[in-house]
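# Notes for the structure review
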Amino acid sequence: MTYQHVKIPEVGKKITVKSGKIEVPDQPIVGFIEGDGIGPDITAASMRVWDAAVEKAYGGKRKINWCELYLGEKAASIYDGEYFPSETLDAIKDLVVAIKGPLTTPIGGGFRSLNVSLRQNLDLYACVRPVRYYKGVPSPLQDPDQVDVVVFRENTEDVYAGIEYESGTPENEKLAKFLRNEMGAKFFEDAGLGIKPISPFGSKRLVRKAIEFAIDQNRESVTLVHKGNIMKFTEGAFRKWGYELAKNEFEDKIITEEELYSEYGGKQPKGKIVIKDRIADIIFQLLQLRPGEFDVLATMNLNGDYLSDAVAAEVGGIGIAPGANISDHVAVFEATHGTAPKYANQNKVNPSSLLLSGVMMLEYMGWNEAADLINAAYPKVIGDKFVTYDFARQMTGAHTVSTSTFADALIAKITGNADVLARFERERRDAVEAERKEREAKRIEDPIAAMRESGHQPSTAGGIMSPVRGVPAGTSVEDAMHQMREWDVSYLLVELGEDKGWGIMTKRDVVTKIVGANKSTHNGTVDEIVSRPLITAPADASLSTVSLLLSENNIRRVVIEARDIPVGVVSDTDLFDIVEEFGWGTDD
Ligand code: NAP
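Keep in mind that what you see is a predicted model, and the values were worked out from it rather than measured. (Residues numbered from 1 in each chain as written. Predicted model: local features only at pLDDT ≥ 70, side-chain atom pairs only at ≥ 80, totals over all residues. Heavy atoms only, no water.)

### What to know about the overall build of the protein
The helix and strand tally for the protein stands at 22 helices and 25 strands. In terms of principal-axis extent, the alpha carbons of the protein reach across some 100 × 70 × 50 Å. Residues classed as buried in the protein amount to 51% of the 588 residues present. Long-range pairs, those at least 24 residues apart, make up 69% of the contacts in the protein between residues at least 6 apart in sequence. When the accessible surface of the protein is split by element, carbon and sulfur atoms take 50% of a total near 27,900 Å². Charged side chains in the protein number 68 positive and 88 negative. The centres of these two groups are separated by 2 Å. (Helix = DSSP H or I, 4+ residues; strand = E, 2+ residues; numbered from the N terminus. Buried < 20%, exposed > 50% of the residue type's maximum accessible area, 1.4 Å probe, protein only. Contact = heavy atoms within 4.5 Å. Areas by Shrake-Rupley, 256 points an atom, 1.4 Å probe, with all protein chains shown as cover. Lys, Arg positive; Asp, Glu negative; His and termini not counted. Charge placed at Lys NZ, Arg CZ, Asp CG, Glu CD.)

### Considering the packing of aromatic side chains
Using the criterion set out here, one finds nine aromatic pairs in the structure. Between the aromatic rings of Tyr-134 and Tyr-378, the centroid separation amounts to 4.8 Å while the plane-to-plane angle is 65°, which identifies the pairing as edge-to-face. Here Tyr-378 lies in helix 12 (residues 368-383) and Tyr-134 lies in the loop between strand 7 (126-132) and strand 8 (148-154), a separation of 244 residues in the sequence. Ring centres of Tyr-343 and Tyr-389 lie 5.1 Å apart, and the angle between their planes is 45°; this geometry places the pair in the tilted category. Here the residue Tyr-343 occupies a position in the loop between strand 16 (331-335) and helix 11 (352-364), and Tyr-389 occupies one in helix 13 (residues 389-392), the gap between them amounting to 46 residues. This pair shows no difference in class: Tyr-343 is buried, exactly as Tyr-389 is. The structure contains a cluster of three or more aromatic residues connected by ring pairs, namely Phe-32, Trp-50 and Trp-66. The ring of Tyr-160 is capped by Arg-153, whose NZ or CZ atom sits 5.3 Å from the centre of that ring. The side chain of Lys-276 reaches across the aromatic face of Phe-294, ending 4.9 Å from its centre. (Phe/Tyr/Trp six-rings, centres within 6.5 Å; stacked < 30°, edge-to-face > 60°. Lys NZ or Arg CZ within 6 Å of the ring centre and 35° of its normal.)

### Remarks on helix 12
Along its 16 residues, helix 12 runs 23 Å from first to last C-alpha, staying within 8% of the 22 Å computed at 1.5 Å per residue. Along helix 12, twelve of the 16 residues are buried, which leaves the element largely enclosed by surrounding structure. Among the residues making up helix 12, those that are buried are Ala-370, Ala-371, Asp-372, Leu-373, Ile-374, Asn-375, Ala-376, Ala-377, Tyr-378, Pro-379, Val-381 and Ile-382. Phi turns positive one or two residues past the end of helix 12, at Lys-385, with a value near 60°. (Expected span 1.5 Å × (residues − 1).)

### Observations concerning the pairing of strand 11 (residues 221-226)
Looking along a regular strand, one sees the side chains alternate between the two faces of the sheet. For strand 11, a buried count of six out of six residues is recorded, marking the element as mostly surrounded by other parts of the structure. Pairing of strand 11 with strand 13 (residues 273-279) involves six bridges; the strand directions are parallel. Looking at the pairing, Ser-221 lines up with Val-274 of strand 13. Alignment of strand 11 against strand 14 (residues 296-299), held across three bridges, turns out to be parallel. (Pairing = 2+ DSSP bridges.)

### Considering empty space enclosed by the protein
Per the stated rule, a full pass over the model turns up one cavity of 30 Å³ or more. Here the largest cavity is characterised by a volume of approximately 30 Å³. Taken together, Lys-100, Asn-115, Leu-118, Arg-119, Leu-124, Asn-325, Val-332 and Glu-334 make up the full set of residues lining the largest cavity. Breaking the lining of the largest cavity down by element, the ones donating at least two residues are helix 4 (114-121) and strand 16. For the lining of the largest cavity, the residue count by class is three nonpolar, two polar and three charged. (1 Å grid on protein atoms, 1.4 Å probe; cavity = no way out; pocket = protein on both sides within 12 Å on 5 of 7 lines; lining within 4 Å. Points joined across faces, edges and corners; volume = space filled by probe spheres on them. Nonpolar A, V, L, I, M, F, W, Y, C, P; charged D, E, K, R; others polar.)

As structure tokens, this is what we get:
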């Protein structure tokens, strides 16, 4: 490809995509856009830090060859007034990975935000925001150490699709008429109208990205965030499609949270990621109260917009939050703040947002060792209270430094103490793992309390069933009774053989069919007194379906089946306890 102003470095190779994965050579060419306002200051400082970390981590074997690309004011000065040159888009696609500083949105004159244009033109459908606490950063939380989440926000659909009709316009009237007359919808006169498209395609590709990330980065869980209890066919559908995709495409790598409790007794199997979901309003609470329980979050556009800023505020505000916009492979990493024009060229502002976006970029490239060095050096420098003005004003006794001096301090930590830094990062990871183990122990010990605390509201039979307790056909009633007492259960399942299937024997059966009939518990076998056929439901049956089965059949237990094999039992007591604990779903 030939370019007018872009100069592809002669040394280095391009990043490529093979079999659905990016392939990063040891000397990759990576695009950078320095941005407007404070962009040049933070870009120059951050680049020095990234380069130093790569050099230290790989001893010269790996090196980024930077290729400058142009957008915004610098582009306008080079491309004759063009803020958004098409060859920049071509170059980003060609190079696959790029990083950019903030861009001014020129006011008036029909300009669209350059950032929005970039996302739409490159179909960067996933907005990724990792939010993690670095020791020493000012935070309003008591225990900010627990915050380490990555928000994957869908970037192309939802109420952001721009399908809106202003009150009083002919388009609005036409749509209102159609909705009232043809669809039976009811709403106030002159309401402004907007459409919220959520598609299986858009939802699934976002959730796929989130799960792939969780797998690549050894994360613990992916939480689907939604308000599906109210918007069933948009937000509820996002949840449904998310689970569907997880099951269909990652079956051997994931389990659902319901399975975590029902099949694994709360113990997360090694190498499996837990897929769970939370209602949007609850997640805002939980991310403040119990942030350690969340890891990767997959959200629709609007929820993600709110959520990523809210979580970022817990650990230093959006001023330091890194971000990226990613398509299937092409990824553009970026500072999440604006151009702060009043500070332009003063070497004053905090480079952290861009700097940490570069850490994400290194991880995306699979260069985790270099990323780790920066991650570990960063809290050391902040801990020394060596900070730019914005942090200094929130700390006591801070030493205010310039953008470039902050970078120098980081580089000194990275180059001087690489082994020590690597140990700090390892210690942090060990602490996270220890916390995970502690949560697991609680889940195993008291599942209901763990569910309540973590906001998991079981909604299916599989989520509340107890594991199957069974004995073989031919077992004497007496032995079966001992077994029931040992397991502390009031029923047993019995596999009667190929053609006869399964039956269930309860304490009541023993009392009425053996004791009441004056028979011997020693001579009688379970086969003689089991009830058949079983009343069954699939694991994904709703709690109301199960309760209907109980009442219609006048029984106390429903057997939960998967592929015609019993996998659990839900009793009226289980249902009672769950409803007493969690209520019967909320509609607010
Ligand atoms: P802004 O540039 O983010 O600045 C708002 C304030 O945030 C600054 O005055 C400063 O606060 C603080 N701040 C931002 N970046 C900082 C940093 N690196 N270090 C320390 N403090 C920092 O928001 P804005 O003034 O609303 O927007 C200015 C321009 O940026 C607009 O043209 C807007 O369109 C554009 N913008 C671009 C992007 C992007 O490219 N991704 C995003 C948002 C906005 P104090 O004054 O309190 O020190």
